[in-house]
Amino acid sequence: GLLNSLTGATIDKVVEAKATNLKDFGLDPPSAMLQVLTDAKPAQFSLSLGDETPTSGGIYAQVAGNPRVVTLASYLKTSLVKSLFDLRDKRIMTLTSSEVQRVEVDAKGKRWTIARNPEGGWDLLLPPAVRADRFAVEGIVNRLQNATLQSIAAEDKKNTGKYGFGAPELTVKVTGPGVTQTLVVGKKENERYYAINSALEPVFTLDSNFPIEFKKQPVDLRDKNLFSFSTFDVKRLDVE
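Cut-offs and rules
Residues numbered from 1 in each chain as written. Predicted model: local features only at pLDDT ≥ 70, side-chain atom pairs only at ≥ 80, totals over all residues. Heavy atoms only, no water. Helix = DSSP H or I, 4+ residues; strand = E, 2+ residues; numbered from the N terminus. Contact = heavy atoms within 4.5 Å. Salt bridge = Lys/Arg side-chain N within 4 Å of Asp/Glu carboxyl O. Buried < 20%, exposed > 50% of the residue type's maximum accessible area, 1.4 Å probe, protein only. Pairing = 2+ DSSP bridges. Axes fitted to C-alpha atoms, helices over the stretch in contact; angles between N-to-C directions.

(A) Seen up close, the environment of valine 103. Tracing the sequence through the fold places valine 103 in strand β6 (residues 102–107). Discounting residues that sit within four places of it in the chain, valine 103 has contacts with Trp112, Thr113, Ile114, Leu144, Val172 and Lys173.

Here you go:
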């Protein structure tokens, strides 16, 4: 998104061909500066962003080495000026839903395991293995794939005692092709839960609704249909 905004940016108008007082435009110092390296010409350049125009429809800008001050669309400032958190990968799991083969959950005594079977469906391992409800499983797997970290509590796991991981709210072990990731959800604070993933470095937070999907009993996850066929599979029905 950032790169598309940068390469697609166009000049609205030239305000001054040779600006003498950049402070008038909020460009001395600039409110933001982007330094760009390219495989094209120029090989590198700096773009300074200044104040909004009086009508708030644009922002003042200048390319280093060029004396002119121009205006760009105001939305470009939001698109181009990002925080470190904006730019980081916010997935809590690096496995995709299609890669997940097994999910083991311990939600304060509620323990269950689901596993993909050779036919591509899902089984609930009680034991024995029984058919799992497809929609319930899809909700769980999609929750794991789509959930995003809300903030970073610490960039490493050196001092994790204060986050409640010793008595976790939830533990989820996810297995994929040749890899296992364990997500541990600790205590709740300010409507967010602290969490760690064995495959990721930081301690992060999750939204307060995240554990709900996993606090299920095994009976909630089993397929309750008497038959496993779909209506369009039926070619004949005999009733006695």
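There's more to say after this.
(B) Local environment of the pattern of salt bridges. Evaluated as defined, the whole model comprises 11 salt bridges. Of the charged contacts in the structure, one is a salt bridge between arginine 91 and aspartate 89, with a shortest N-O distance of 2.8 Å. The class of arginine 91 is partly exposed, set by a relative accessible area of 36%. When its relative accessible area of 48% is taken as the criterion, aspartate 89 is described as partly exposed. For glutamate 169, the salt bridge is made with lysine 215, and the minimal N-O distance between the two is 2.4 Å. One end of the pair, glutamate 169, is in the loop between β10 (151–154) and β11 (170–176); the other, lysine 215, is in the loop between β14 (203–207) and α5 (218–221), and 46 residues separate them in sequence. The class of glutamate 169 is buried, set by a relative accessible area of 14%. Several salt bridges share partner residues, and in doing so they unite Lys108, Glu169 and Lys215 into one network.

(C) Main features of the sheet that holds strand β4 (residues 58–63). If you walk across this open sheet you meet the 5 strands as β1-β5-β4-β3-β2, and the pairing is antiparallel. The open sheet is flanked by β1 (13–16) and β2 (32–37), the only strands paired with a single partner. The average undirected angle you get between the axes of adjacent strands in this sheet is 35 degrees.

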